[in-house]
Amino acid sequence: MMHRHAMGKEGLILSIITAIAMVAGVYIFACPAQVTGELGIFLPSPNLWNLSPFLSHLLTLTMIAATTILLYVANKKYTFVTGSDTVFMGMFLVMCSSNVWLSDRFSSSFIFAIANVICLMILFDCYRKSNATQELFLIATIISLGSMIQYAFLALIVVYLLGAVMLKCFSFRGLIAFGMGMPEFSIIFNSAYSAGGILVSMINIGLTCIVGLIMALNNMVKLYAGNTQRRLNNMVINLLGVVSLICMLVDFNNIIAYLATIYMIVAIQLAHLFTLWNIRRAPVWLLIISLLYVGPAADQLDIDN
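None of the values given here were measured: they were computed from a predicted structure.

Following the criterion strictly, the structure yields two salt bridges and no others. Across the pair Asp125 and Lys77 runs a salt bridge, and its minimum N-O distance is 3.4 Å. A residue pair is termed long-range when its members are at least 10 positions apart, and Asp125 in the loop between helix H5 (109-124) and helix H6 (133-147) and Lys77 in helix H2 (residues 53-78) qualify at 48 residues. Looking at Asp125, the relative accessible area reads 43%, which means it is partly exposed. Of the residues examined, Lys77 reaches a relative accessible area of 52% and is grouped as exposed. With a shortest N-O distance of 2.4 Å, Lys129 and Glu135 are connected by a salt bridge. Among the residues examined, Lys129 registers a relative accessible area of 32% and is labelled partly exposed.

Here it is as structure tokens:
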């Protein structure tokens, strides 16, 4: 039996209020931290844009909302999660807003996440398509444009080429089209292996990654016996999560760029967990998980000052 109302509209509304309150709290009480790890190839990365604190936080809220809506639209069309739209939407909102150093100022993290949702939708449309040259060209163009402001986009080349193979729409012509969508870059990944000036909640990120990986492995057991296209779509989503996780570990100084995408993948895994494994008292468990994210994050706000 599926928990189609594990969170419900009331829970989603509460998640929206929580996200707005957390971002507003960061704007009012937190001391902004300079994001130093981001780097664009040809254009300034978002951390170098001359934005006022208010506009920066407003853009952050807007991008969180846009990513959530895009995820909802994508799932309505491709149904990679059955029955639990509100779970991954609500948990994504809570996760993103709970990380003070993600909601502290506008960064490329949500641009990276939105680009991934769009690219996934394009790729899912190519399932078993013999001629997917236009779609692969479009994906490559999105990656290329994104890399102008954030070099982390270049790691997506691996994800979407392998994804095309997995969804059986890869061909030599498609590879040429993909290459045509990418300008010729000459770049060396030169990033430090220390946190630098980026302050993040490492417990939040670490536990999210570990638990998300365990959930993904468990969920694939159930998904393996289901619809073939849904299984393959979820394999591509998991591939995106694995590559993003590896990039976070290797490119540690640029960790924030991958963070929203990691939260997005883990929120999807949570939705699968409650849909596929028939967990009792799902709303109570979701509330507890949300409090585990929001509680420590709220404690980071310097309200006294």
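There is more to say after this.
To continue, consider the packing of H5 against H6. H6 packs onto H5 with a crossing angle of 170° between their chain directions and a minimal axis gap of 10 Å. When the axis of H5 is compared with that of H6, the two are roughly antiparallel. Across the interface between the two elements, Ala115, Ile118, Cys119, Ile122 and Leu123 of H5 pack against Glu135, Leu136, Leu138, Ile139 and Ile142 of H6.

Where H6 contacts helix H7 (residues 156-166), the two axes come as close as 10 Å, and the packing angle between them is 165°. As judged from the angle between their axes, H6 and H7 are roughly antiparallel. At the point where H6 passes H7, the crossing takes the right-handed sense. Packed against H6, whose contacting residues are Leu136, Ile139 and Ile143, the element H7 presents Leu156, Ile157, Tyr160 and Ala164 at the interface.

On the secondary structure map, Asn219 appears in helix H9 (residues 202-223). Aside from chain neighbours lying at most four places away, what touches Asn219 is Gln269, His272, Leu273, Leu276 and Trp277.

This next bit is on the packing of aromatic side chains. In this structure the tally under the stated criterion is six aromatic pairs. The interplanar angle of 70° and the centroid separation of 5.5 Å between the aromatic rings of Tyr78 and Phe124 together place this pair among those described as edge-to-face. With Tyr78 in helix H2 and Phe124 in helix H5, this residue pair connects regions lying 46 residues apart in the sequence. Judged by relative accessible area, which is 3%, Phe124 ranks as buried. Arranged with centres 6.2 Å apart and planes meeting at 35°, the rings of Phe80 and Phe88 form a pair that is tilted. We note that Phe80, like Phe88, is buried. Here the aromatic cluster, defined as three or more aromatic residues joined through ring pairs, consists of Tyr78, Phe80, Phe88 and Phe124.

This part is about the environment of Ala271. Turning to its location among the elements, Ala271 is positioned in helix H11 (residues 255-276). Residue Ala271 is classed as buried on the basis of its relative accessible area of 0%. In this structure the C-alpha to C-alpha distance between Ala271 and Asn219, which are 52 residues apart in sequence, comes to 10.0 Å.

Here we take up the confidence of the model for the protein chain. Of the residues in the protein chain, 82% have a pLDDT of 70 or more, and the chain-wide mean is 80. In the predicted structure, residues 184-200 sits below a pLDDT of 50 and forms 32 contacts with residues beyond four places in sequence or in another chain.

By the secondary structure assignment, Asp251 is in the loop between helix H10 (228-250) and H11. The exposure class of Asp251 is buried, given its relative accessible area of 5%. In the structure, Asp251 is positioned 99 residues away from Ala152 in sequence and 8.7 Å away in space, judged by C-alpha atoms.

With 22 residues, H11 extends 31 Å between its outermost C-alpha atoms, agreeing within 8% with the 32 Å of an ideal straight helix rising 1.5 Å per residue. With 20 of its 22 residues buried, H11 lies for the most part within the structure.

Let us look at the state of the cysteines. Scanning all chains against the criterion turns up zero disulfides. No disulfide involves Cys169; its sulfur sits 4.6 Å from that of Cys126, the nearest cysteine. Of the residues examined, Cys169 reaches a relative accessible area of 1% and is grouped as buried.

The subject of this paragraph is helix H8 (residues 172-181). Gly174, Ala177, Phe178 and Gly181 are the residues of H8 that are buried. Burial along H8 is one-sided: seen end-on, the buried residues are contained in an arc of 100°. In H8, the exposed positions angled more than 90 degrees off the buried face are occupied by Phe172, Arg173 and Met180. Elements that come into contact with the buried residues of H8 comprise H6 and H7.

Moving on, we come to the side chain of Ser290. By the secondary structure assignment, Ser290 is in helix H12 (residues 282-299). Within the structure, Ser290 has its side chain in polar contact with the backbone oxygen of Leu286 (distance 2.9 Å). Those residues in contact with Ser290, other than ones at most four positions away along the chain, are Met91 and Val94.

Rules used throughout
- Residues numbered from 1 in each chain as written.
- Predicted model: local features only at pLDDT ≥ 70, side-chain atom pairs only at ≥ 80, totals over all residues.
- Heavy atoms only, no water.
- Salt bridge = Lys/Arg side-chain N within 4 Å of Asp/Glu carboxyl O.
- Helix = DSSP H or I, 4+ residues; strand = E, 2+ residues; numbered from the N terminus.
- Buried < 20%, exposed > 50% of the residue type's maximum accessible area, 1.4 Å probe, protein only.
- Axes fitted to C-alpha atoms, helices over the stretch in contact; angles between N-to-C directions.
- Parallel < 35°, antiparallel > 145°, perpendicular 65-115°, else oblique.
- Contact = heavy atoms within 4.5 Å.
- Left-handed = near helix turned anticlockwise from the far one by under 90°.
- Phe/Tyr/Trp six-rings, centres within 6.5 Å; stacked < 30°, edge-to-face > 60°.
- pLDDT = per-residue confidence, 0-100.
- Expected span 1.5 Å × (residues − 1).
- Disulfide = S-S within 2.5 Å.
- Arc of directions from axis to C-beta.
- Polar contact = N/O pair within 3.5 Å; in protein donor to acceptor, adjacent residues only side chain to side chain.

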